[in-house]
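Here are the chains, one letter per residue:
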Amino acid sequence: MSYEVRRAETETERADALSVRFEVFVDEQGVPEDVEIDGKDDESIHFVGYAEGERGEGTDADRAPVGVGRLREVGDRTGKVERIAVLEEHRGEGVGRTIIDEIESTAAEQGLSTLVMHAQTPVEQFYRDLGYETTSDVFEEAGIPHVEMEKSLD
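Here is a short report on the structure shown in this document. (Residues numbered from 1 in each chain as written. Predicted model: local features only at pLDDT ≥ 70, side-chain atom pairs only at ≥ 80, totals over all residues. Heavy atoms only, no water.)

**A short note on the layout of surface pockets**
Size it by volume and the largest pocket reaches roughly 800 Å³. Along the walls of the largest pocket sit 37 residues, with F25, I84, A85, Q120 and Y127 positioned nearest its centre. Among the secondary structure elements, those contributing two or more residues to the lining of the largest pocket are α1 (11-28), α2 (33-36), β4 (78-86), α3 (95-109), β5 (114-120), α4 (124-129) and β8 (144-152). The element contributing the most residues to the lining of the largest pocket is β4, with seven residues. Residues that form the lining of the largest pocket fall into these classes: 17 nonpolar, eight polar and twelve charged. (1 Å grid on protein atoms, 1.4 Å probe; cavity = no way out; pocket = protein on both sides within 12 Å on 5 of 7 lines; lining within 4 Å. Points joined across faces, edges and corners; volume = space filled by probe spheres on them. Helix = DSSP H or I, 4+ residues; strand = E, 2+ residues; numbered from the N terminus. Nonpolar A, V, L, I, M, F, W, Y, C, P; charged D, E, K, R; others polar.)

Right, dumping it as structure tokens:
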């Protein structure tokens, strides 16, 4: 399967991003809707991973959204990686890594030198493998155990 990750710049792409977030966080993990929609989407850069050929062949309509993420500036040269989600049937196929690569590339273009995140503990090792370091003890967020993680882009 091949994937394309792009910034969600159109209304359709933003709707695609929300649909994946809702399927993973709200439907699968039981995160309340009002927690998932946190009022920070308008200040964030959104990314959508599409599986090519999922809906047929030939045009943009043939690509199905299967993964998402967002990047938000939170401090001096610091960005926060948020809302990373991949549909269950596409996990382990590299789409999450591709989304993180695109987020990191965009962060560097924006002049950010450090990325932070709150990672769910079941995927902590995934982020460690990508160069993120755990910087906190386990804490609960939306009823799910998380840790803070950080990566320097310099």
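Back to the write-up after that little detour.
**Details of the side chain of E124**
Mapped onto the elements, E124 comes out in helix α4. Setting aside anything within four residues of it in sequence, one finds E124 in contact with T134, V147 and M149. (Contact = heavy atoms within 4.5 Å.)

**Some words on the nonpolar core**
Judged by nonpolar contacts, the single largest core of 35 residues is most densely connected at V81, Y127 and Y132. Elements supplying a minimum of two residues to this core: β1 (3-7), α1, β2 (45-51), β3 (64-75), β4, α3, β5 and β8. If you tally residues by element for this core, the top one is α3, at five residues. (Core = buried A, V, L, I, M, F, W, Y, C linked by side-chain atoms within 4.5 Å. Buried < 20%, exposed > 50% of the residue type's maximum accessible area, 1.4 Å probe, protein only.)

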